[in-house]
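A closer look at the structure
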Amino acid sequence: MAEKMQFFPLDATYRIVDGKAVINLYGRTEDGKQVCLLDNSFDPYFYVVPKAGIDVKEKLEKIRIEGERDIAFVTKTEALLKKYLGREVLAVKVYTNLPGSVPVIRDLVKDWDMVEGTYEFDIPFARRYLIDRNITPMMLHEATGDFAGQNYKIPVFRAENIVQITGDTLHNPKILAFDIETYSPFDLAIDAEKNPIIMLSFYAEDFRKVFVWKKFATELEYVEFVGSEAELIRKFKETIENYKPDILTGYFSDGFDLPYIKTRADKHKIRLDIGLDDSDLRLKSGKDIIVVINGITHLDIFKFIKRVMGTTLETYSYDLNAVASELLDEGKHDVSLAELPNAWDHFNGDLEKFCKYCLHDSYLTYSLAAKMMPTIIEMVKIVGIPMHDASRVGFSQLVEWYVMKQAQQFNEIAPNKPGHNEVMNRRIHTYEGAFVYEPKP
């Protein structure tokens, strides 16, 4: 008999299992346990709108493209009456074998003479799933299915059905903040290949710790000595696994802390397998580096504050000291990092003040994340994308994903993003603004 389970979804990814995309929906149950729901009932697709009176279904269903690694093919098609920019169109919903097959097949089809247009081919598969299944992160849902054995670090639930049941929201996600200090001579560039991490701090509501790998006299209870940089990196993994956070947060952790830790871990041949599905932390390159941890929301609070809160701040600088001073009325400890290499090399008592400094940075990061959390959660609920994504995009993309979510409910096909030529053309053709009445002083 199928079981029922209530949970708050936090993030969605997917894995390919036996040639099929399986959604991994991570969340926390009502009683505070981490869980991963598997759903293999959702197929990738995009839309093809043929020219009037032309049937393209049979030709589409014969598509099979052999690549170096995978074969891309159409599994089925479905003719549907949809709306496009307000007018009714007959669209063909083209299902493919894998998410990666969508852009491959679309590139072939877009140039067919019989096709008027192709749409919704660039929506990430996990986001497509959340939109279509009407699953809103951070809100209470109920799943029907059964628990299954998997090589995951948390219980796995095979879901047959998932529905939102109330407006209840996960208002108090478990947040763990961290910060690192590295050996960086003041007159030299930061170099992750050469220079080690010398201390690492964590801060949470009920937890604080600084790991450092040189001993010195101290009475600070939160300082823990380890034998080497490699052991410090293992403590990074171990602390996250033991604390089980929903959110791991840093300040500029996409751009500095996590890539640095990853480089040093690779140097010591240590796997950063902190994903809840036993996967490694991974760096996604693009305009910016984005660090992804499956099952744990990585929140770079710097990016959220700069992109979403930035226009409302008085400060022109987004360093931790300036932002914390304005938002928390607290600044960083007044310590010169230029003195850290000398203190490290000569084992002097100054290392204690640097441990305090490192922990205080984690405390400020945690406090900023906690202060911003109600705003971030409301944005996630409105826009419908996970916190990891919502905290990294600007207002225009937030609006775009909100509209995308609404379009589904109005049976509307979302128009494609304009290409370079179209953008240039739009800039050439300007419009006269509204009349502005100048009042007499």
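Below: a short report on this structure. (Residues numbered from 1 in each chain as written. Predicted model: local features only at pLDDT ≥ 70, side-chain atom pairs only at ≥ 80, totals over all residues. Heavy atoms only, no water.)

The next point concerns the overall build of the chain. Helix and strand counts for the chain stand at twelve helices and 19 strands. Burial statistics for the chain: of 441 residues in total, 52% are counted as buried. Carbon and sulfur atoms make up 50% of the accessible area of the chain, which totals about 22400 Å². Side chains of the chain carry 55 positive and 68 negative charges; the gap between the two charge centres is 4 Å. (Helix = DSSP H or I, 4+ residues; strand = E, 2+ residues; numbered from the N terminus. Buried < 20%, exposed > 50% of the residue type's maximum accessible area, 1.4 Å probe, protein only. Areas by Shrake-Rupley, 256 points an atom, 1.4 Å probe, with all protein chains shown as cover. Lys, Arg positive; Asp, Glu negative; His and termini not counted. Charge placed at Lys NZ, Arg CZ, Asp CG, Glu CD.)

Right, let's talk about the layout of surface pockets for a bit. The calculated volume of the largest pocket comes to roughly 1400 Å³. In terms of lining, the largest pocket is formed by 50 residues, of which the most central are D122, P124, R127, D389 and W401. The leading source of residues in the lining of the largest pocket is helix α11 (residues 395-409), at six residues. In the lining of the largest pocket, the residues fall into 25 nonpolar, nine polar and 16 charged. Reported here for the second largest pocket is a volume of approximately 500 Å³. Counting only elements with at least two residues in the lining of the second largest pocket, the list comes to β11 (175-182), α5 (253-267), α7 (320-327), α8 (340-345) and α9 (351-383). Here the lining of the second largest pocket takes four residues from β11, the largest share from any one element. (1 Å grid on protein atoms, 1.4 Å probe; cavity = no way out; pocket = protein on both sides within 12 Å on 5 of 7 lines; lining within 4 Å. Points joined across faces, edges and corners; volume = space filled by probe spheres on them. Nonpolar A, V, L, I, M, F, W, Y, C, P; charged D, E, K, R; others polar.)

Right, let's get into the packing of α7 against α9. Angle between the axes and distance between the axes are the two parameters that describe a pair of packed helices. At a closest axis distance of 11 Å, the pairing of α7 and α9 adopts a crossing angle of 50°. The angle between the axes of α7 and α9 places the two elements in the oblique class. As α7 packs across α9, the resulting crossing turns out to be left-handed. For the pair α7 and α9, contact is made by L320, V323, A324 and L327 and by D361, L364, T365, L368, K371 and M372, respectively. Classifying every residue of the contact of α7 with α9 gives seven nonpolar, one polar and two charged. (Axes fitted to C-alpha atoms, helices over the stretch in contact; angles between N-to-C directions. Parallel < 35°, antiparallel > 145°, perpendicular 65-115°, else oblique. Left-handed = near helix turned anticlockwise from the far one by under 90°. Contact = heavy atoms within 4.5 Å.)

Here the focus is the sheet that holds strand β9 (residues 139-148). Reading around the barrel, the five strands line up as β1-β2-β3-β10-β9 and close back on themselves, with mixed pairing between neighbours. When strand polarity is set aside, the average angle formed by the axes of neighbouring strands in this sheet is 45°. When strand β1 (residues 3-17) meets β9, the two strands line up antiparallel, connected through five bridges. Bridge pairing links E3 to G145 in β9. Packing of helix α3 (residues 125-132) onto the sheet brings it into contact with β1, β2 (20-29), β3 (34-39) and β10 (156-169), and relative to β2 it is tilted by some 65°. (Pairing = 2+ DSSP bridges.)

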